[in-house]
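So you can see what is in the structure, the chains are spelled out below.
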Amino acid sequence: MSLKLSVLDQSPVAEGMSPEIALENTVKLAQHVEKLGFTRFWVSEHHDTTSLAGSSPEVLIAHLAAKTGKIRVGSGGVMLPHYSAYKVAENFRVLEGLNPGRIDLGIGRAPGGMPRASLALNNGSYRDVDQYPEQIDDLLGYLTDERPVNNPYDGLQASPIISTVPDVWMLGSSPSSAMLAAEKGLPYTFAQFINGEEGPRYTDQYRKHFKPSKFLAQPQNMAAVFVICAETDEEAERVASSIDLSILMVEQGMRSNGTPSPEQAASYQYSSFEKARIRENRKRMVVGSPEKVKKQLLELSEQYQTDEIMLVTITYDFEDKLKSFDLVAEALL
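Residues numbered from 1 in each chain as written. Predicted model: local features only at pLDDT ≥ 70, side-chain atom pairs only at ≥ 80, totals over all residues. Heavy atoms only, no water.

Right, let's get into the overall build of the protein. Check the secondary structure of the protein and you find twelve helices and nine strands. If one aligns the C-alpha atoms of the protein with their principal axes, the spans along those axes are about 65 × 45 × 35 Å. Looking at the protein residue by residue over its 333 residues, the buried ones come to 52%. Pairs at least 24 apart in sequence give 75% of the contacts found in the protein among residues at least 6 apart. For the protein, the computed accessible surface area is about 14900 Å², with 52% contributed by carbon and sulfur atoms. Positive and negative charge centroids in the protein, built from 33 and 44 side chains respectively, lie 2 Å apart. (Helix = DSSP H or I, 4+ residues; strand = E, 2+ residues; numbered from the N terminus. Buried < 20%, exposed > 50% of the residue type's maximum accessible area, 1.4 Å probe, protein only. Contact = heavy atoms within 4.5 Å. Areas by Shrake-Rupley, 256 points an atom, 1.4 Å probe, with all protein chains shown as cover. Lys, Arg positive; Asp, Glu negative; His and termini not counted. Charge placed at Lys NZ, Arg CZ, Asp CG, Glu CD.)

Encoded structure:
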């Protein structure tokens, strides 16, 4: 089966690296994978962190679109409960107007940061995630100029009034997000890099309960997974040791100055519990040589019944990251 490859980049900051360099690397990566033939390039939203520089996907998308030529660019994703659906619609109408047919609007309901960031984003109030389904309806209405006539803002339009609509994707890592995507008739991306359990089953429920909409006639889904590829399995393991340790540090609330080096990971004294956590977290990853990675990505495409996989790659050395994408593209594109 022909497999399309896409990228989700979080603008990771390696230890000793500046956030400015991390953002510059995101631009370089987008240009690099476009040349390799990747389908889309998404950027994420994370707040109040020293290890990820991508806090404003809308701004970064505009820059990436200007620095690339044809690859689709989008958000993975905008955390909608933080914001006005109206303002999100206007942001992405501007992006779509500047880049017709190239913009993806991926939306989610995760906080994207610790509670204090959520409070700051909501002027000291708690996020109302219960309104998320209604926010989606509002967003879609503003993007298509089809708001109900009896709504409080009758006649309100999201500017600019353009002739095309960005593709809206729902993102998630739970059964509830899958069912909500099915109910709304929208394409769905399961974040296996966040949740290594039950993704194919949740996505199967999405397909079974999918309701056709004006946006999508048939269910469309993909999976996003951590991928580290190197010339050999041993080298891939060495490179991946950085993200193994980085995830452990996040899970245990340890102070982080960015993605640690493989040398730091090699010298770390892992407890038996931490070794077990690494084994568990590897369910979220594909790590190995080109042959091994190709085999596992094709197996994932079968499990998720999708022809597109989104790769999330975090390494200490940016050159290792570029090499990983080169090898995957050579094996599959």
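Following the structure, the description resumes.
Nonpolar side chains in soluble globular proteins tend to be buried together. Judged by nonpolar contacts, the single largest core of 64 residues is most densely connected at Phe41 and Leu297. Core analysis: the second largest hydrophobic core is formed by 21 residues, Trp42, Ala224, Ala230 and Ile247 among them. (Core = buried A, V, L, I, M, F, W, Y, C linked by side-chain atoms within 4.5 Å.)

Relative to the 27 Å expected for 19 residues at 1.5 Å per residue, helix H8 (residues 233-251) spans 26 Å between its end C-alpha atoms, a close match to the ideal helical length. Along H8, the sharpest change in direction is near 35° and occurs at Ala240. Where H8 is concerned, the buried positions are Ala236, Val239, Ala240, Ser241, Ser242, Ile243, Asp244, Leu245, Ser246, Ile247, Leu248 and Met249. Its buried side turned inward, H8 meets strand E7 (221-229), helix H9 (262-267), helix H10 (272-281), strand E8 (285-288) and helix H12 (318-332). Where H8 ends, the next residue or the one after it, Gly253, has phi of about 70°, a positive value. (Expected span 1.5 Å × (residues − 1). Bend = angle between axes of the 7 residues up to and from the residue.)

Glancing now at the packing of helix H2 (residues 57-67) against helix H3 (residues 85-98). Where H2 meets H3, the axes come as close as 10 Å, and the angle between the chain directions of the two elements is 5°. The orientation of H2 relative to H3 falls into the category roughly parallel. Facing H2, whose interface residues are Glu58, Ile61 and Ala62, H3 presents Asn91, Phe92 and Leu95. Here the contact of H2 with H3 is composed, by residue class, of four nonpolar, one polar and one charged. (Axes fitted to C-alpha atoms, helices over the stretch in contact; angles between N-to-C directions. Parallel < 35°, antiparallel > 145°, perpendicular 65-115°, else oblique. Nonpolar A, V, L, I, M, F, W, Y, C, P; charged D, E, K, R; others polar.)

With that settled, the discussion passes to the layout of surface pockets. In this structure, the largest pocket encloses a volume near 1400 Å³. Residue lining of the largest pocket: 50 residues in total, with Gln10, His46, Leu52, Gly112 and Val250 positioned closest to the centre. Listed by contribution, the elements that provide at least two residues to the lining of the largest pocket are strand E3 (72-79), strand E5 (167-172), strand E6 (188-191), E7 and H8. (1 Å grid on protein atoms, 1.4 Å probe; cavity = no way out; pocket = protein on both sides within 12 Å on 5 of 7 lines; lining within 4 Å. Points joined across faces, edges and corners; volume = space filled by probe spheres on them.)

The subject of this paragraph is the pattern of salt bridges. Counting across every chain of the model gives 24 salt bridges. The salt bridge involving Arg238 is made with Glu235; its shortest N-O contact spans 2.9 Å. Note that Arg238 and Glu235 are positioned in helix H8 at a spacing of three residues, about one turn of the helix. Note on Glu235: relative accessible area 28%, which makes it partly exposed. Between Asp320 and Arg238 there is a salt bridge, and its shortest N-O distance comes to 3.8 Å. Here Asp320, found in helix H12, pairs with Arg238, found in helix H8; they are 82 residues apart in sequence, far enough to count as distant. One salt-bridge network, in which partners are shared between bridges, spans Arg40, Arg72, Asp104, Asp167 and Glu308. (Salt bridge = Lys/Arg side-chain N within 4 Å of Asp/Glu carboxyl O.)

So, about the packing of aromatic side chains. One pass over the full model with this rule turns up nine aromatic pairs. Seen from their ring centres, Tyr86 and Tyr142 are 5.0 Å apart, and the 65° between their planes marks the pair as edge-to-face. With Tyr86 in helix H3 and Tyr142 in helix H5 (residues 132-144), this pair connects stretches of sequence that are 56 residues apart. By relative accessible area, which is 23% here, Tyr86 ends up partly exposed. These aromatic residues form a ring-pair network of at least three members: Tyr188, Tyr206 and Phe210. (Phe/Tyr/Trp six-rings, centres within 6.5 Å; stacked < 30°, edge-to-face > 60°.)

When a strand is regular, its side chains alternate between the sheet's two faces. Among the nine residues that make up E7, nine are buried, leaving the element largely enclosed by the rest of the structure. The alternating pattern of E7 places Asn221, Ala223, Val225, Val227 and Cys229 and Met222, Ala224, Phe226 and Ile228 on opposite faces, both of which are buried. With four bridges connecting them, E6 and E7 associate as parallel partners. The residue of E7 that forms the bridge with Thr189 is Met222. Note on the crossover from E6 through helix H7 (residues 199-209) to E7: the handedness is right-handed. (Pairing = 2+ DSSP bridges. Right-handed = clockwise from strand over helix to strand, strands pointing away.)

What follows is about empty space enclosed by the protein. Per the counting criterion, the structure on display carries one cavity of 30 Å³ or more. For the largest cavity, the calculated volume is near 110 Å³. As for the largest cavity, its lining consists of 16 residues, of which Pro12, Met17, Asn25, Phe318 and Lys321 are closest to the centre. Mapped by element, the contributors of at least two residues to the lining of the largest cavity are helix H1 (19-36) and H12.

Right, let's get into H7. Restricting attention to buried positions, one finds in H7 the residues Gly199, Tyr202, Thr203, Tyr206 and Arg207. In a view along the axis of H7, the buried residues occupy a sector of 145°, so they form one face of it. Where the residues of H7 are buried, they touch helix H6 (175-184), E6, E7 and helix H11 (290-304). (Arc of directions from axis to C-beta.)

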